[in-house]
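# Architecture at a glance
Listed below are the residues making up each chain.
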Amino acid sequence: MTVNANPDAGVNTWRDLPAAQQPDWPDPEALRDVIAELESYPPLVFAGECDQLRERMAAVAKGEAFLLQGGDCAEAFDAVSAEQIRNKLKTLLQMGAVLTYAGSVPVVKVGRIAGQYSKPRSKPTETRDGVTLPSYRGDSVNGFEFTAEARTPDPQRLKRMYHASAATLNLVRAFTTGGYADLRQVHAWNQDFVKSSPSGQRYEALAREIDRALNFMNACGVDPEEFKTVEFYASHEALILDYESALTRVDSRTGNLYDVSGHMVWIGERTRQLDGAHIEFASRIRNPIGVKLGPTTTPEDALALIERLDPEREPGRLTFITRMGADRIRDALPTLVEKVTASGAQVAWVCDPMHGNTFEAASGHKTRRFDDVLDEVKGFFEVHKGLGTHPGGIHVELTGDDVTECVGGGDEIFVDDLHQRYETACDPRLNRSQSLDLAFLVAEMYRDQ
Ligand SMILES: O=C[C@H](O)[C@H](O)COP(=O)(O)O
Ligand SMILES: C=C(OP(=O)(O)O)C(=O)O
């Protein structure tokens, strides 16, 4: 259930509509208290930063830049450590360097980070050995452990989500502006990795080229500030609407509403009903918005979403993140892109090659084949090439750690390896080596485009 914490605020119009995938909070009073407290907390991001990202996304929509959006499937409170945050950031920075240099395109870097704590689920309950409990819905809602106590939704967790997001964002900001992300560190990001992995070695060769280019520029007297820091943004799925609307504020500069829990938020495949609460919520805020589109999306759905979320047809406002599956993308995507383009809307098209390619291995692990992931990205590029439209970016679930959750990749992981380091709380992520492999292959596709 949801409660009406601030009926006068313009953001609360979603409360009258059906809201899919919301937790069954057992104690409405406790939820109300938490919402009131969250409403008093300072913003996690500044509205001006959201505007800046909207401008960057406009460049993506116009074909002038490429989006790299990636991070955990589900962040976890016990993984808010310097090491894990640094590893994730390092992986994204390395991928960004590969795409920028080998793909020769400006890369907009956005993490699935500092707020990705809530998960929509296929089933509301999970049964093990005859015991049925609520499904795990992310650390913002309940615990992963299979006990009645852990699985009971607890609104106090929404406050932990805020604090975990704040701590993560703080370190990300320190790393990206305090010297760690300086392009001259391009080798340092690879240090612990290069010897053992083919993709690490390939990266090292590219880093040497970048070094030479930097030395050349330096010798010419050019040392741009842009190389010393990195623009990096935070995004997550806007799923738990009580949290998102408690973090929505009126921007004093413009009087507009911004969800200041992250720079960009997206609405998932399971919650993008046109007459539902999530789309209503997204229509009220000025952040750049993503919407996931699965294989059954019709052109009419896409056009109606544009009408609701981007009535002014403003490039950068709306990103369609398609997640069709490798076997469907070549059939399902062309009509969508054609009809949307013909409507005059300039959305950014981004490929999520993860969510349409999940299967369960014989061992019971949810996994994905690297080759399927790659094939979906290839299909995405083929479709856009065929239509003369811009393949705007990729959206991937990844981690900087050497997990064994997806099979394949240059440093191949086999189905029998899955149990070794299977650490995700929900869906399988690419590890660092697989992520770099993907970046090199996408850079080649982009160049060939
Ligand atoms: O990350 C996406 C969804 O939350 C996830 O795919 C749902 O998984 P389920 O089908 O196991 O519920
Ligand atoms: C739930 C997700 O994806 P989708 O909505 O595409 O299933 C996700 O990206 O975490």
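For the structure, see preceding data.
Here goes a summary of the coordinates provided. (Residues numbered from 1 in each chain as written. Chains lettered and ligands numbered in written order. Predicted model: local features only at pLDDT ≥ 70, side-chain atom pairs only at ≥ 80, totals over all residues. Heavy atoms only, no water.)

### Here's the deal with the packing of helix H6 (residues 198-219) against helix H12 (residues 432-448)
Running from N to C, H6 and H12 point in directions that differ by 50 degrees, and their axes come no closer than 9 Å. It follows that H6 is oblique to H12 by the angle criterion. For the element pair H6 and H12, the recorded crossing hand is left-handed. Contacts between H6 and H12 pair Ser-199, Arg-202, Tyr-203 and Leu-206 from the former with Ser-433, Leu-436, Asp-437, Phe-440 and Glu-444 from the latter. Its residues assigned to classes, the contact of H6 with H12 comprises four nonpolar, two polar and three charged. (Axes fitted to C-alpha atoms, helices over the stretch in contact; angles between N-to-C directions. Helix = DSSP H or I, 4+ residues; strand = E, 2+ residues; numbered from the N terminus. Parallel < 35°, antiparallel > 145°, perpendicular 65-115°, else oblique. Left-handed = near helix turned anticlockwise from the far one by under 90°. Contact = heavy atoms within 4.5 Å. Nonpolar A, V, L, I, M, F, W, Y, C, P; charged D, E, K, R; others polar.)

### Side note on the site of ligand 1
As a structural note, the neighbourhood of ligand 1 is formed by Cys-73, Lys-119, Pro-120, Arg-121, Ser-122, Arg-270, His-355, Lys-366, Glu-397, Cys-426 and Asp-427. A distance of 2.5 Å separates an oxygen atom of ligand 1 from a polar atom in the backbone of Pro-120. Side-chain polar atom of Asp-427 to an oxygen atom of ligand 1: 2.7 Å apart, as the coordinates give it. Out of a free accessible area of 340 Å², ligand 1 has 83% covered by protein chains. (Near = heavy atom within 4 Å. Polar contact = N/O pair within 3.5 Å; in protein donor to acceptor, adjacent residues only side chain to side chain. Areas by Shrake-Rupley, 256 points an atom, 1.4 Å probe, with all protein chains shown as cover.)

### Some thoughts on the environment of Ser-118
Looking at the element boundaries, Ser-118 is found in the loop between strand E2 (107-112) and strand E3 (125-128). The spacing of Ser-118 and Gly-268 is 150 residues in sequence and 11 Å in space, taken between C-alpha atoms. Apart from residues lying up to four places away in sequence, Ser-118 is in contact with Arg-137, Gly-138, Ser-140, Met-161, Leu-239 and Ile-240. At 2.8 Å, the side chain of Ser-118 forms a polar contact with the side chain of Ser-140.

### A few points about helix H10 (residues 329-342)
Spanning 14 residues, H10 covers 20 Å between terminal C-alpha atoms, matching the ideal 20 Å at 1.5 Å per step. Taken together, the buried positions of H10 are occupied by Ile-329, Ala-332, Leu-333, Leu-336, Val-337 and Val-340. For H10, the arc enclosing every buried residue in end-on projection is 115 degrees, short of the 170-degree limit, so these residues lie on one face. Away from the buried face of H10 by more than 90 degrees, exposed residues Asp-331 and Ala-342 are located. Tucked inside the fold, the buried residues of H10 contact strand E9 (289-293), helix H9 (299-309), strand E10 (318-322), strand E11 (348-351) and helix H11 (370-387). Phi turns positive, to about 90 degrees, at Gly-344, one or two residues after H10. (Expected span 1.5 Å × (residues − 1). Buried < 20%, exposed > 50% of the residue type's maximum accessible area, 1.4 Å probe, protein only. Arc of directions from axis to C-beta.)

### Focus: the pairing of E9
With five of its five residues buried, E9 lies for the most part within the structure. Taking every second residue as pointing to the same face, both faces of E9 are buried, with Ile-289, Val-291 and Leu-293 on one and Gly-290 and Lys-292 on the other. Judged from the three bridges that link them, strand E8 (residues 264-267) and E9 form a sheet pairing that is parallel. Bridge pairing links Trp-266 to Gly-290 in E9. Each parallel crossover has a hand, and the one from E8 via helix H8 (residues 277-284) to E9 is right-handed. As judged from the five bridges shared by E9 and E10, these two strands associate in the parallel manner. Bridging across to E10, Leu-293 finds its partner in Thr-322. Each parallel crossover has a hand, and for E9 linked through H9 to E10 it is right-handed. (Pairing = 2+ DSSP bridges. Right-handed = clockwise from strand over helix to strand, strands pointing away.)

### Concerning the nonpolar core
In terms of nonpolar packing, the biggest core is built from 108 residues, with Leu-38, Tyr-203, Tyr-243, Phe-320, Trp-349 and Leu-438 touching the most fellow members. By residue number, the principal contributor to this core is helix H3 (residues 82-103), which donates nine residues. Residues Ala-65, Val-110, Trp-266 and Ile-321 belong to the second largest nonpolar core, which totals 15 residues. (Core = buried A, V, L, I, M, F, W, Y, C linked by side-chain atoms within 4.5 Å.)

### Things to note about the packing of H8 against H9
Think of two packed helices as two axes; the pair is described by the angle between the axes and how far apart they sit. The N-to-C vectors of H8 and H9 enclose an angle of 45 degrees; their axes lie 9 Å apart at closest approach. Taken together, the axis directions place H8 and H9 in an arrangement best described as oblique. Where H8 abuts H9, its residues Ile-279, Glu-280, Ala-282 and Ser-283 lie against Leu-305, Arg-308 and Leu-309. Class assignment of the residues belonging to the contact of H8 with H9 gives a composition of four nonpolar, one polar and two charged.

### Some thoughts on the pairing of E10
Buried residues dominate E10, accounting for five of its five residues. The alternating pattern of E10 places Leu-318, Phe-320 and Thr-322 on one face and Thr-319 and Ile-321 on the opposite face, and all of these are buried. Inspection of the sheet shows E10 paired to E11 by four bridges, in the parallel sense. Considered in E11, the bridge of Thr-319 is made with Ala-348. In this region the chain leaves E10, passes through H10 and returns to the parallel neighbour E11; the handedness of that crossover is right-handed.

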